[in-house]
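# Chain and residue survey
Here is what each chain is made of, one letter per residue.
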Amino acid sequence: MKVPVPLKILGFTVATTAFYTVVGQLVPQKEVHPPKQTALEKEMTSDELVKAGKEIMEGKGLCSTCHTIGKSGPLPFPDLDGIGAKAATRRPGLSAVDYLAQSLYDPDVYIVPGFNPGMPVIDEPPIGLTDQEVLALMAYLQSLGGQVTVTMESKVWPLAEGSGAAPPAGRD
Amino acid sequence: MKGRPNAKIAVASAVVVALALAATVGIVRFVLSREYRAPLRSDQAEQTPRVQAQQDEAAAQAKADRERPYSEESYRRFPVVGSRVAVWVLAQLHLLFAAFVLAVPLFVLIIEFIGWLNGDERYGELAHEFTKLLSVSLSLTASFGAFLLFMLVLLYPKFMNYLMHVFSPTFAPYVGLFFLEAFFLYTYYYGWGKFSAVTHLLLGLGLNIVGTAIMLIANAWLTFMTTPAGISESGAVISTMDAVRNYTWMPINIHRMIANVAFGGSVAAAFAAFKFLAAKTDAERAHYDWMGYIGNFVAICAFLPLPFAGYWLASEIYAYSQTLGLTMMGGAFSWLFIIQAVLIGNLFLGANYYLWLGMGRVQASERFQGYIKYLLILIALCFAVWATPRSIIATVSETRAMGGGSHPQLGYLGVMSAKNTAVNILILTTYVSFLLYRRSGRTPTVSWAKLGNALQVAISLLAGGIVLFLGIYGYFVEASVRIRLSVPQVGSVLFAMIAVTVIDVLMYRNAKSLGETHWGRIHPISQYVLIFLAVTFTWLMGLMGYVRSGLRQHWHVYGVVRDTSVDAFTPTLGYATRVVSVTVLLFFLLIGIVFWLASLSDHTKEHA
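Remember, it's a predicted structure, so these values are computed and weren't measured experimentally.

## Things to note about the overall build of chain A
- What chain A contains, in helices and strands, is five helices and zero strands.
- When the elements of chain A are put in sequence order from the N terminus, they spell out α-α-α-α-α.
- Taken against the 2.2 N^0.38 rule, which gives 16 Å for 172 residues, the C-alpha radius of gyration of chain A at 23 Å runs more than 25% over that of a compact globule.
- In terms of overall dimensions, chain A has a C-alpha envelope of 90 × 40 × 30 Å along the principal axes.
- The buried share of chain A, taken over its 172 residues, is 30%.
- Summarising the internal contacts of chain A: among those between residues at least 6 apart in sequence, 59% fall at separations of at least 24.

Written out as structure tokens, the structure reads:
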């Protein structure tokens with residue numbers, strides 16, 4: 001029996017489309033939902049704050065999209081392993097808390113050598129963390145190799161006068 | 001004796017009277033039960049506390065209805081598949097037909113212009129044949145556009161209200177241009193052979209200018225949604241012009257223009273393939289083989305620079321927001337680019353295979369066939385590199401054995417340095433295939449032919465060497481340096497293609513013919529390759545349309561208008577590819593009708 005040409009073409013088109021559909025089913029399947037609100041209370045212990053900060057880091061903060069923890073090699077953005085300790089030494093005149101706060105609220109002031117600017121301002125859309133969420137996130141970052149000192153009562157931004165936060169020369 | 005019968009009659013009469021009375025009472029009761037009762041009388045008669053409560057409730061509801069304030073609905077729900085899928089499929093169908101309607105006039109005009117320049121009537125006829133596909137396609141484009149607009153207004157009223165707030169000054173010009181497009185298209189099509197050649201060419205030019213302007217306006221709306229500009233922090237419009245000229249507007253304009261031509265060329269080639277396969281005579285086969293070749297040539301010429309336009313678009317997305325860029329390449333959509341690699345790899349394989357099969361129609365092309373296996377090896381290697389993911393789906397024990405999510409060796413092929421290198425070599429290889437096809441059946445007669453050949457080989461090898469060196473170098477430098485290496489890679493390939501083409505054109509002037517080109521003498525499988533390329537291009541457009549739009553994730557306008565509907569999540573890639581496939585099949589069913597309608601005019605002529 002001779003199959004009519006239009007039918008052959010239809011069958012071939014369906015087969016090609018089916019092939020690509022199958023390819024689409026073979027890759028990892030993940031549904032991404034809008035970030036959930038992390039519950040934050042005034043009276044939180046350091047451990048609770050760190051746990052909430054980790055949730056924000058992986059969820060609403062979108063930090064894990066760019067930053068890794070404990071990876072080496074040609075990375076596009078700085079690895080955050082040990083940032084709790086490194087933060088105090090990155091910029092002379094800035095404490096660990098000040099450095100972390102500045103990196104989150106005004107990230108282009110200082111770029112880690114070897115990397116490009118690219119960090120978004122964390123308290124503006126599309127990320128839009130609240131000040132409380134930033135505190136929880138900072139607590140988590142401090143916990144990566146350092147001592148957690150921030151609490152929900154801390155005032156970290158804007159930096160206090162004379163904290164050494166003057167922008168590097170040449171910056172607008 | 002006389003008294004007894006009278007007594008009987010008396011008893012019987014009494015029974016009859018009693019029955020008659022009973023029947024009368026029954027009838028009266030029946031009639032009374034159906035008697036009309038005035039509502040007042042009825043209410044008064046049946047008033048109970050429950051009825052009273054119901055009346056109070058109804059009165060309260062009526063009062064609440066009268067006093068209800070107007071509030072704008074944010075979303076309405078489309079049955080069964082949901083609003084997102086309904087709008088997604090309609091938008092994609094509209095875009096596919098729009099791409100076709102914009103692309104075909106572009107290369108039809110070029111073909112007609114070539115025919116006018118060299119006086120070869122075949123080009124004019126070919127251009128006319130391509131144009132036949134346009135009129136029905138324009139109607140379908142407009143119908144899907146109107147359908148899409150109604151659905152958007154119906155299902156996303158609040159968001160559409162916001163877009164109107166920003167872009168209302170662009171709507172009237174858009175509609176006006178659409179009328180102009182219809183005018184130019186129908187005058188161009190129906191005026192074939194009825195105007196002077198120059199007037200007809202100018203009509204075609206007008207059609208292309210108006211079509212491009214329409215695309216530029218529509219692109220402003222959709223690019224604004226991803227990279228908004230010209231608005232305040234709360235979303236109030238400051239400058240509509242700035243909203244139009246947002247970060248990704250021009251890269252999308254260029255990318256779409258090139259992609260539309262590649263897509264339009266491939267669909268037109270698929271039409272020729274359909275006609276070739278259904279042809280009954282050698283003359284028909286020769287004509288449609290040539291038509292398919294031209295359509296595919298247009299598609300591949302546009303396809304080669306497409307990755308470069310893609311780089312520019314991606315870099316503008318990164319420039320606007322690193323978060324957006326990384327969501328695209330390293331986040332939720334990273335695996336989509338592996339699917340894209342399979343599609344583009346298939347396009348390169350298909351395009352090269354068609355060229356190699358095409359050598360069969362040219363006499364004395366055997367001398368180049370030995371090179372095909374090397375080209376195939378290169379293409380296969382590059383395809384494999386491009387399709388290698390950075391992280392691999394593995395079990396816990398496999399991940400532990402590898403020391404992470406990446407394979408210890410193959411993982412190095414999953415990064416951008418390797419992929420940029422692979423795609424540039426793929427482009428170069430396809431160009432070499434085309435060059436071999438172009439040279440089939442001819443030999444140069446110029447005195448400097450040997451030098452020309454040597455120069456061409458040297459330039460190609462040099463470009464390949466630069467691409468390979470920079471690809472490897474990228475592994476040893478910091479991210480800030482690595483990201484800039486793609487520019488010299490792309491630059492060297494573009495330079496090689498331009499320089500080698502210039503040398504080839506000069507070298508093959510007055511070339512000696514070694515044999516005829518026998519159009520129509522090609523294996524039928526080549527026509528299925530053309531259909532495969534058209535389906536793959538269409539599917540690729542569907543997939544990349546999804547990533548461009550899905551990139552915003554839970555935002556209608558990124559960072560400004562949040563999506564709070566039930567569809568605010570990003571579906572799995574498996575789900576997305578199923579929607580893309582359904583859309584592609586719907587498109588091909590509809591374009592099949594367009595082909596059929598275009599063929600009807602041939603039948604009419606045959607019968608006439």
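## A few points about the overall build of chain B
- The helix and strand tally for chain B stands at 23 helices and four strands.
- The C-alpha radius of gyration computed for chain B amounts to 36 Å, which surpasses the reference 25 Å derived for 608 residues by more than 25%, pointing to a less compact arrangement than a globule.
- For chain B, the spread of C-alpha atoms along the principal axes amounts to about 155 × 70 × 55 Å.
- If you take every contact in chain B between residues at least 6 apart in sequence, the share linking residues at least 24 apart comes to 81%.

## Focus on unusual backbone geometry
- A cis amide bond links Pro125(A) with the next residue in sequence, Pro126(A), at an omega value of 10°.
- Structurally, Pro126(A) is set in the loop between α4 (96-105) and α5 (131-143).
- Note that the residue after Trp157(A), namely Pro158(A), is joined by a cis bond; omega there is 0°.
- Tracing the sequence through the fold places Pro158(A) in the segment after α5.
- With a phi angle near 60°, Leu62(A) is a residue other than glycine that sits in the positive phi range.
- Inspection of the secondary structure assignment puts Leu62(A) in the loop between α2 (46-58) and α3 (83-90).
- One non-glycine residue, Val80(B), lies in positive phi territory at about 65°.
- Take Val80(B): it is sitting in the loop between α3 (49-67) and α4 (83-118).
- Its 7 C-beta neighbours within 10 Å are what place Val80(B) among the exposed residues.

## Focus: the interface of chain A and chain B
- Taken together, the contacts link 35 residues of chain A with 48 residues of chain B.
- Split by residue class, the side of chain A that touches chain B holds 21 nonpolar, twelve polar and two charged.

## With respect to helix α13 (residues 322-329) of chain B
- Among the eight residues that make up α13(B), seven are buried, leaving the element largely enclosed by the rest of the structure.
- The secondary structure elements touched by the buried residues of α13(B) are α12 (306-320) and α22 (525-550) of chain B.

## Observations regarding the packing of helix α11 (residues 282-303) of chain B against α22(B)
Residue and element names in this part refer to chain B.
- Between α11 and α22, the least distance of the axes is 11 Å, while the angle of their chain directions is 35°. In the packing of α11 onto α22, the handedness of the crossing is left-handed. Where α11 abuts α22, its residues Gly-292, Asn-296 and Ala-299 lie against Gln-527, Leu-530 and Leu-533.
- Counted by class, the contact of α11 with α22 contains three nonpolar, three polar and no charged residues.

## A few points about the environment of Ala259(B)
All names here are of chain B.
- Of note, Ala-259 is situated in helix α10 (residues 249-278).
- Here Ala-259 falls in the buried class, since 22 other C-beta atoms lie within 10 Å of it.
- Sequence separation between Ala-259 and Ala-387 is 128 residues; the distance between their C-alpha atoms is 21 Å.
- Apart from the residues within four sequence positions on either side, Ala-259 is in contact with Leu-306 and Met-541.

## Some remarks on the environment of Arg29(B)
- Note on placement: Arg29(B) falls in helix α1 (residues 3-33).
- With 75 residues separating them in the primary sequence, Arg29(B) and Val104(B) have C-alpha atoms 84 Å apart.

## Digging into the packing of α10(B) against α22(B)
Residue and element names in this part refer to chain B.
- α22 packs onto α10 with a crossing angle of 145° between their chain directions and a minimal axis gap of 8 Å. Between α10 and α22 lies a crossing of left-handed hand. Contacts between α10 and α22 pair Ala-259, Ala-262, Phe-263, Ser-266, Val-267, Ala-269, Ala-270, Ala-273, Phe-276 and Leu-277 from the former with Gln-527, Leu-530, Ile-531, Leu-533, Ala-534, Phe-537, Thr-538 and Met-541 from the latter.
- In the contact of α10 with α22, the residues fall into 15 nonpolar, three polar and no charged.

## Quick look at the confidence of the model for chain A
Residues and elements named next belong to chain A.
- Summary statistics for chain A give a mean pLDDT of 87 and a share of 93% for residues scoring 70 or more.
- Predicted confidence in chain A is weakest over α3, with a mean pLDDT of 92, and strongest over helix α1 (residues 5-26), with 96.
- Residue range residues 166-172 is modelled with pLDDT below 50. Its contacts to residues more than four positions away, or to other chains, number three contacts.

## Overview of the confidence of the model for chain B
- Per-residue pLDDT for chain B averages 89, and the proportion of residues at 70 or more is 94%.
- Confidence, read as mean pLDDT per element, is least for helix α2 (residues 39-46) of chain B in chain B (56) and greatest for helix α9 (residues 240-244) of chain B (97).

## A word on the environment of Val108(B)
Residue and element names in this part refer to chain B.
- By secondary structure assignment, the location of Val-108 is in helix α4.
- Exposure remark for Val-108: the 26 C-beta atoms within 10 Å place this residue in the buried category.
- Residues Val-108 and Val-582, spaced 474 residues apart in sequence, show a C-alpha to C-alpha distance of 30 Å.
- Beyond its immediate stretch of four places on either side in the chain, Val-108 contacts Ala-127, Phe-130, Thr-131 and Gly-204.

The rules behind each value
Residues numbered from 1 in each chain as written. Chains lettered and ligands numbered in written order. Predicted model: local features only at pLDDT ≥ 70, side-chain atom pairs only at ≥ 80, totals over all residues. Helix = DSSP H or I, 4+ residues; strand = E, 2+ residues; numbered from the N terminus. Rg over C-alpha atoms; globule rule 2.2 N^0.38 Å. Buried ≥ 20, exposed ≤ 12 C-beta atoms within 10 Å, placed from the backbone. Contact = placed C-beta atoms within 7 Å. Nonpolar A, V, L, I, M, F, W, Y, C, P; charged D, E, K, R; others polar. Axes fitted to C-alpha atoms, helices over the stretch in contact; angles between N-to-C directions. Left-handed = near helix turned anticlockwise from the far one by under 90°. pLDDT = per-residue confidence, 0-100.

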